[in-house]
Amino acid sequence: LTNLTAGTYYHYQILSTDVSPNHNVVKMKGSDSPFRTLEEVDTTPPSIISGPDASLITATTATIIWETDELAISLLKFGKAGGELTEERRTSTYEFRQKFDLTQLEPNTEYEYEVYSYDKAGNEVKSKLIKKFKTLPEEDRTPPVLIEGPVADFKDKSAAFYWVTDEDADSY
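Residues numbered from 1 in each chain as written. Predicted model: local features only at pLDDT ≥ 70, side-chain atom pairs only at ≥ 80, totals over all residues. Heavy atoms only, no water.

Quick look at the nonpolar core
Note the cut-off: Nonpolar core, defined: a set of buried Ala, Val, Leu, Ile, Met, Phe, Trp, Tyr and Cys residues in which side-chain atoms within 4.5 Å join the residues together. For every residue, the accessible area obtained with a 1.4 Å probe (protein chains only) is divided by the maximum for its type, and the residue is called buried under 20%, exposed over 50%, and partly exposed between those limits. Working definition: helices are DSSP H or I runs of at least four residues, strands are E runs of at least two. Numbering for both runs from the N terminus.
The biggest cluster of nonpolar side chains holds 12 residues, and these are A62, I64, W66, L76, F78, F100, L102, L105, Y111, Y113, V115 and F133. Looking at this core, the elements that each hand over two or more residues are strand 6 (62–80), strand 8 (95–102) and strand 9 (110–118). If one sorts the elements of this core by residue count, strand 6 sits on top with 5 residues.

Pasting the structure below:
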């Protein structure tokens, strides 16, 4: 039998006729003999239709987001730029929108990442490029320290004050 529809139940009987025309109907167990064709095999991987993009970047966190055109579970591989992508994060539920919140990153550090998504049939799509993001520098919580001065320079109708701090600073 050909041109059957995938995932469909069919019923059949076998009828045999000889040259005399004697015929015999062969019945299988049950009144008619049902069978079901196999489901169509999905060989098409999901497509990444948006992203992947890094966002909400701080000194120690970042979020990686992308979207697929079909439900998928996903894998994110990342690491410091120039090295191996040794860190991995995985999802366990099938979603269209893939999101990974990364924590405990190092400040002022460039990271590289690539993403993979898998549909329910196991077909894989991988991001075309290894992408990058850089965490922000650690927030400076130490005030500048006065290391020279202040020195006052008095004129007839004015005064100027000079000093030096241990880092760039707005002074007044």
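Points about the pairing of strand 13 (residues 159–165)
Put simply, the rule reads: Paired strands, in this sense, are two strands between which DSSP finds at least two bridges.
Pairing between strand 12 (residues 146–154) and strand 13: 6 bridges, direction antiparallel. Its bridge partner lying in strand 13, F154 is registered against A159. Connecting strand 12 to the antiparallel partner strand 13 that follows it, the hairpin turn spans 4 residues.

Things to note about unusual backbone geometry
G51 connects to P52 through a cis peptide bond whose omega is 5°. You can see P52 is positioned in strand 5 (residues 48–55). Cis geometry marks the peptide bond from G149 to P150, where omega comes out at 5°. Mapped onto the elements, P150 comes out in strand 12. With a phi close to 60°, N3 is a non-glycine residue in the positive phi region.

Details of the environment of K80
The line we're drawing: Working rule for contacts: check all heavy atoms of both residues, and any pair within 4.5 Å makes them a contact. Pairs of N or O atoms are called polar contacts if they sit within 3.5 Å, as long as, within protein, a hydrogen donor faces a hydrogen acceptor (for residues adjacent in sequence, only side-chain-to-side-chain pairs).
Positionally, K80 belongs in strand 6. Each C-alpha atom, one on K80 and one on E110, is 6.0 Å from the other, the two residues being 30 residues apart in sequence. Ignoring any residue separated from it by four or fewer positions in sequence, one finds K80 in contact with E106, T109, E110, Y111 and E112. Among the polar contacts listed, one links the side chain of K80 to the side chain of E106, at a separation of 2.7 Å.

Thoughts on the pattern of salt bridges
What counts is decided by this rule: Salt bridges are counted wherever a side-chain nitrogen of Lys or Arg sits within 4 Å of a carboxyl oxygen of Asp or Glu.
Applying the stated rule across the entire model yields 8 salt bridges. Between R89 and E87 there is a salt bridge, and its shortest N-O distance comes to 3.6 Å. Judged by relative accessible area, which is 35%, E87 ranks as partly exposed. A salt bridge links K126 to E114, with the shortest nitrogen-to-oxygen separation between them at 3.6 Å. Of this pair, K126 sits in strand 10 (residues 124–126) while E114 sits in strand 9, placing them 12 residues apart in sequence. Residue classification places E114 among the buried residues on the basis of a relative accessible area of 9%.

As for the packing of aromatic side chains
One pair of aromatic rings is described through two measures. These are the centre distance and the angle between the planes. For clarity, the threshold we go by: For Phe, Tyr and Trp, where Trp contributes only its six-membered ring, two rings pair if their centres lie within 6.5 Å, and the inter-plane angle classes them as stacked under 30 degrees, edge-to-face over 60, or tilted in between. Distance and angle both matter: a charge sits over a ring if NZ of Lys or CZ of Arg is within 6 Å of the ring centre and within 35 degrees of the ring normal.
Going through the model one piece at a time under the given rule, you end up with 4 aromatic pairs. Aromatic pair W66 and F100: ring centres 5.6 Å apart, planes at 15°, arrangement stacked. A residue pair is termed long-range when its members are at least 10 positions apart, and W66 in strand 6 and F100 in strand 8 qualify at 34 residues. With respect to class, W66 is no different from F100; both count as buried. Relative to F161, the ring of F154 has its centre 6.1 Å away and its plane inclined at 85°; by these criteria the two rings are edge-to-face. With a relative accessible area of 48%, F161 lands in the partly exposed category. Chaining the aromatic ring pairs together yields one cluster made of Y111, Y113 and F133. Over the aromatic face of Y94 sits the side chain of K120, whose NZ or CZ is 5.4 Å from the ring centroid.

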